[in-house]
Amino acid sequence: MRISSLRQSIGEAWRTRFSYTPKTLQLAWRAWPRGKFVLMGLTLASAALPLGMTYVGKLIVDAVMAAQAATDMATRDAARGEAVYWLLVEFVLVGGLMVVERGLLLARQLLEKVLGTEINVLIMEKAMQMELADFEDAGFYDKLVRARREASTRPLSLVHGTFQVVRSGLTLAGCATLLMHFNPWTVLGLLVAVVPAFIAEVNFSAATFRLRRRRAPEARQIAYLEWIISSDNHAKEMKLFSLGPLLVARYKQKAKAFYEEDRRLALVHSFWGSALTLLGLAAFYGSYLAVILATALGRLTLGEMTFCVAAFRQGQQSFQSVLNAVNGMYQDNLYMSNLFEFLLMPVRFRRSGAVQTARREHGIRFEGVGFRYPGVATWALRDISLFVPAGESIALVGQNGAGKTTFIRLLTGLYDPDEGAVLLDGRDVRGWDPADLRRRMGVIFQDFNQYQFLLRENIGVGSIDHLGDDSRIERAVLRSGADSFVAGLNRGLDTQLGRMFEGGVNLSGGQWQKVALARAFMREEADIFVLDEPTAALDVESEHAIFQRFAAVAKGKTTILISHRFRTVRKAGRIIVIEGGRIVEQGSHQKLMNDRGRYAAMFALQADGYH
């Protein structure tokens, strides 16, 4: 590698990659405010004590040699007493260093706990700020995975590396100062021993980081394969369709490609690491030889020789520690760039767009609404104009992919329309406070979550403000029909759901759907209920019972139902038929049947299935 390239590489590292060190330290001090004083004090002590021990070792040797060379008893006894005194001083210094090292270990353990939590909380808080569209973007997931990877260890490692540089740097400066007094050439030997290895390590660290960053999408694929192969959610189809061998073979293929890349980099790294380590070893013994020859010629005393060898060894170790710490910090900064890249992602301020002038009306209005998913050329919805007066019951019907769920996502403010506006009570949804908007709605999507929580928590999350309101939870259970199976559970509402945790119970698809319905019914203050395929996993009797309860609960409120079961849809006051992202028909069941249009054709097709 050319000198100019090396200089450029190192310069870039210092200018850009080490810029994350101050930010990481700020995170650490915010997590543990007193930590900087504790760590700095212990670091200064750990840097000074080895220097004192090295110099005291010289004084001990000199005192012993003086005792051996003494010609009279008084001088010999004084030299012996001095040797014992310095030995006691060394004992105190060694004991102090042990205490300081223990203190540093304890401080690091405490910092690890608080800093790891702080970083993970920051990542979760950032994730909560992002919009639904962000979570449907593969690029966003790559950044999230890179941020979470080693997020609990890298920040701590960077803080530790920073203090290691301070500690070893102070020790190195002391050793170099003392060595300059006795033998200046040994200082040059220190540089020759470790600098080349440092330059190589920096470049290999950068290469490793670039490799892992480039492979982030493939790494997610490997992790996904591991998950579906070992997940209970996929176990049935894995066995039924004999997917195991196919997915394991795919996993092995991707893992082998990773191994080949890692192997090539590791071989080059190992070769240069070994070669440069031998160079450092040669530099050390060259300096050792110079000190021995100077002592043999009488230029140094035996104590000074012992000191120079010990100081050189200490200096070499300190220099190596500095370079290792800097190299580690370089790697940590590379990974911290992933974290801060994620934390600094811009948040879409969805309420900053132009908001329609408020109207005096009560209900839901879509005005020329059009929406396309990011990166998709076709419109999910287009030219949607519709008014749903407060208290009306409507149903949305259409084939899969027609745009029904997108309609609900726009209404609930999960997406902003690309064209037109969605208004609630005459106000643009973009002008509503998100919390106020969503408090007015009880929504259950067809792909609802199955939380591995207690049953009461699974229901209570429908209204976080009332998570501890047992009476409200019990009413939601009754309204959803979930009481039919809750009574049969050993611990009732306190039953742990899912098999992830001890004592967990698996529910059937229909039972989970009742839990999700109860979640929607938790919002008793809501005046808009949205049910997206709410009874797809229920039998006919359960479905009938739920809609009987639902009709009573939702009386006088606006209801929007999405369903493929026309015996349910026909009960709605108005049926909206969506096809290709557009409204093609609307009216009551009887009107649409009389029109003999798209709805009538779908109804007849489904009715034929019951004959």
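Before reading further, recall that the structure is shown in the block above.
As a starting point, this report considers the structure included with it.

Basis of the calculations
Residues numbered from 1 in each chain as written. Predicted model: local features only at pLDDT ≥ 70, side-chain atom pairs only at ≥ 80, totals over all residues. Heavy atoms only, no water. Helix = DSSP H or I, 4+ residues; strand = E, 2+ residues; numbered from the N terminus. Contact = heavy atoms within 4.5 Å. Areas by Shrake-Rupley, 256 points an atom, 1.4 Å probe, with all protein chains shown as cover. Pairing = 2+ DSSP bridges. Axes fitted to C-alpha atoms, helices over the stretch in contact; angles between N-to-C directions. Buried < 20%, exposed > 50% of the residue type's maximum accessible area, 1.4 Å probe, protein only. Polar contact = N/O pair within 3.5 Å; in protein donor to acceptor, adjacent residues only side chain to side chain. Salt bridge = Lys/Arg side-chain N within 4 Å of Asp/Glu carboxyl O. Core = buried A, V, L, I, M, F, W, Y, C linked by side-chain atoms within 4.5 Å. Parallel < 35°, antiparallel > 145°, perpendicular 65-115°, else oblique. Nonpolar A, V, L, I, M, F, W, Y, C, P; charged D, E, K, R; others polar. Phe/Tyr/Trp six-rings, centres within 6.5 Å; stacked < 30°, edge-to-face > 60°. Lys NZ or Arg CZ within 6 Å of the ring centre and 35° of its normal. Expected span 1.5 Å × (residues − 1). Left-handed = near helix turned anticlockwise from the far one by under 90°.

Another point: the overall build of the protein. In terms of helices and strands, the protein carries 22 helices and 10 strands. Of the contacts formed within the protein by residues at least 6 apart in sequence, a portion of 76% connects residues at least 24 apart. Surface summary for the protein: the accessible area is close to 31,900 Å², and the carbon and sulfur share equals 59%.

Moving on to the sheet that holds strand β5 (residues 427-428). As summarised here, the arrangement of the four strands in space is β2-β1-β4-β5, forming an open sheet in which the pairing is antiparallel. The open sheet is flanked by β2 (381-389) and β5, the only strands paired with a single partner. The pairing of strand β4 (residues 419-424) with β5 spans two bridges and is classified as antiparallel. Its bridge partner lying in β5, Leu-423 is registered against Asp-428. On top of the sheet, helix α13 (residues 404-411) reaches β1 (363-371), β2 and β4; it is set at about 115° to β1, its chief contact.

A positive phi angle, near 55°, is found at Asp-383, a position not held by glycine. Its location among the elements puts Asp-383 in strand β2. Residue Asp-425 is not a glycine yet carries a positive backbone phi of 55°. Within the secondary structure, Asp-425 is located in the loop between β4 and β5.

All right, on to the environment of Ala-127 then. Topologically, Ala-127 is positioned in helix α4 (residues 73-129). Residue class for Ala-127 comes out buried when judged on its relative accessible area of 16%.

So, on to the side chain of Gln-496. Tracing the chain through its elements places Gln-496 in the loop between α17 (483-486) and α18 (509-521). For Gln-496, a relative accessible area of 16% translates into the label buried. Here Gln-452 takes part through its backbone oxygen, which lies 2.9 Å from a polar atom of the side chain of Gln-496.

On to the pattern of salt bridges. Per the counting criterion, the structure on display carries 23 salt bridges. Ionic pairing is found between Arg-263 and Glu-260, a salt bridge with its closest N-O pair at 3.2 Å. Placement of the pair is Arg-263 and Glu-260 together in helix α11 (residues 244-296), with a separation of three residues, close to one helical turn. On the basis of relative accessible area, Glu-260 is assigned to the partly exposed category, the value being 25%. Among the ionic pairs, Arg-440 bridges to Asp-425, the shortest N-O distance being 2.7 Å.

Soluble globular proteins: nonpolar side chains tend toward being buried together. With 47 residues, the main nonpolar core has Leu-39, Leu-111, Leu-115, Ile-123, Val-159 and Phe-342 as its most contacted residues. If you list the elements that add at least two residues to this core, you get α2 (20-31), α3 (35-69), α4, α6 (138-148), α7 (154-182), α8 (185-214) and α12 (302-343). Tallying contributions element by element places α12 first for this core, with 11 residues. Excluding residues that lie within four positions of it along the chain, Leu-111 makes contacts with Ala-28, Trp-32, Leu-39, Gly-116, Leu-156 and Val-159. With 40 residues, the next largest nonpolar core counts Ile-473, Val-477, Ala-572 and Tyr-599 among its residues.

On to the side chain of Thr-559. Within the secondary structure, Thr-559 is located in strand β8 (residues 558-562). Take Thr-559: its relative accessible area is 6%, and that puts it in the buried class. A polar side-chain atom of Thr-559 sits 3.0 Å from a polar atom in the side chain of Ser-393. Thr-559 has contacts with Glu-392, Ser-393, Ile-394, Phe-529, Phe-550 and Ala-554, leaving out every residue within four places of it along the chain.

With that settled, consider the packing of α6 against helix α9 (residues 216-230). Relative to each other, α6 and α9 sit at 80°, their axes nearing to 10 Å. Relative to α9, the element α6 lies roughly perpendicular. Here Ala-138, Tyr-141, Asp-142, Val-145 and Arg-146 of α6 come into contact with α9, specifically with Ala-216, Pro-217 and Arg-220. Taken together, the residues that form the contact of α6 with α9 break down as five nonpolar, no polar and three charged.

Ordered by their spatial adjacency, six strands build an open sheet running β6-β7-β8-β3-β9-β10, and the pairing between neighbours is mixed. Looking at strand neighbours, the two that pair on one side only are β6 (441-444) and β10 (582-587), the edges of this open sheet. Put simply, the sheet's adjacent strands are angled 15° from each other on average, direction ignored. α13 rests against β3 (393-397), β6, β7 (528-532) and β8 of the sheet, and its axis sits at about 150° to β8.

With that settled, the discussion passes to α13. Within α13, seven of the eight residues are buried, which leaves the element mostly enclosed by the surrounding structure. Among all positions in α13, only Lys-404, Thr-406, Phe-407, Ile-408, Arg-409, Leu-410 and Leu-411 are buried.

A few words now on the packing of aromatic side chains. If you walk through the whole model with that rule in mind, you get 11 aromatic pairs. Each ring, one from Tyr-20 and one from Phe-340, has its centre 5.6 Å from the other, and the planes form 10°; the classification is stacked. Here Phe-340 lies in helix α12 and Tyr-20 lies in helix α2, a separation of 320 residues in the sequence. Pair check on accessibility: Tyr-20 and Phe-340 agree, each one buried. Ring centres 5.4 Å apart and planes at 90° place the aromatic pair Tyr-373 and Tyr-415 in the edge-to-face group. Of this pair, Tyr-373 sits in the loop between β1 and β2 while Tyr-415 is found in the loop between α13 and β4, placing the two residues 42 residues apart along the sequence. Judged by its relative accessible area of 23%, Tyr-373 falls in the partly exposed class. Sitting over the ring of Phe-340, Lys-23 keeps its end group 5.6 Å from the ring centre.

With that settled, consider α18. Residue pairs three or four apart in sequence face the same way in an α-helix, which turns once every 3.6 residues. Compared with an ideal rise of 1.5 Å per residue, which puts 13 residues at 18 Å, α18 spans 19 Å between its outermost C-alpha atoms and is within 8% of the ideal. Within α18, 11 of the 13 residues are buried, which leaves it mostly tucked inside the rest of the structure.

Before going further, it helps to examine the packing of α9 against α11. When two helices pack together, their arrangement is given by the angle between the helix axes and the distance between those axes. Two numbers describe how α9 lies on α11: the axes approach to 10 Å, and their chain directions differ by 150°. For the element pair α9 / α11, the angle class is roughly antiparallel. As for the relative orientation of α9 and α11, their crossing is left-handed in sense. On α11, the residues touching Glu-218, Ala-219, Gln-221, Ile-222, Leu-225, Glu-226, Ile-228 and Ile-229 of α9 are Leu-247, Val-248, Arg-250, Tyr-251, Lys-254, Ala-255 and Phe-258.

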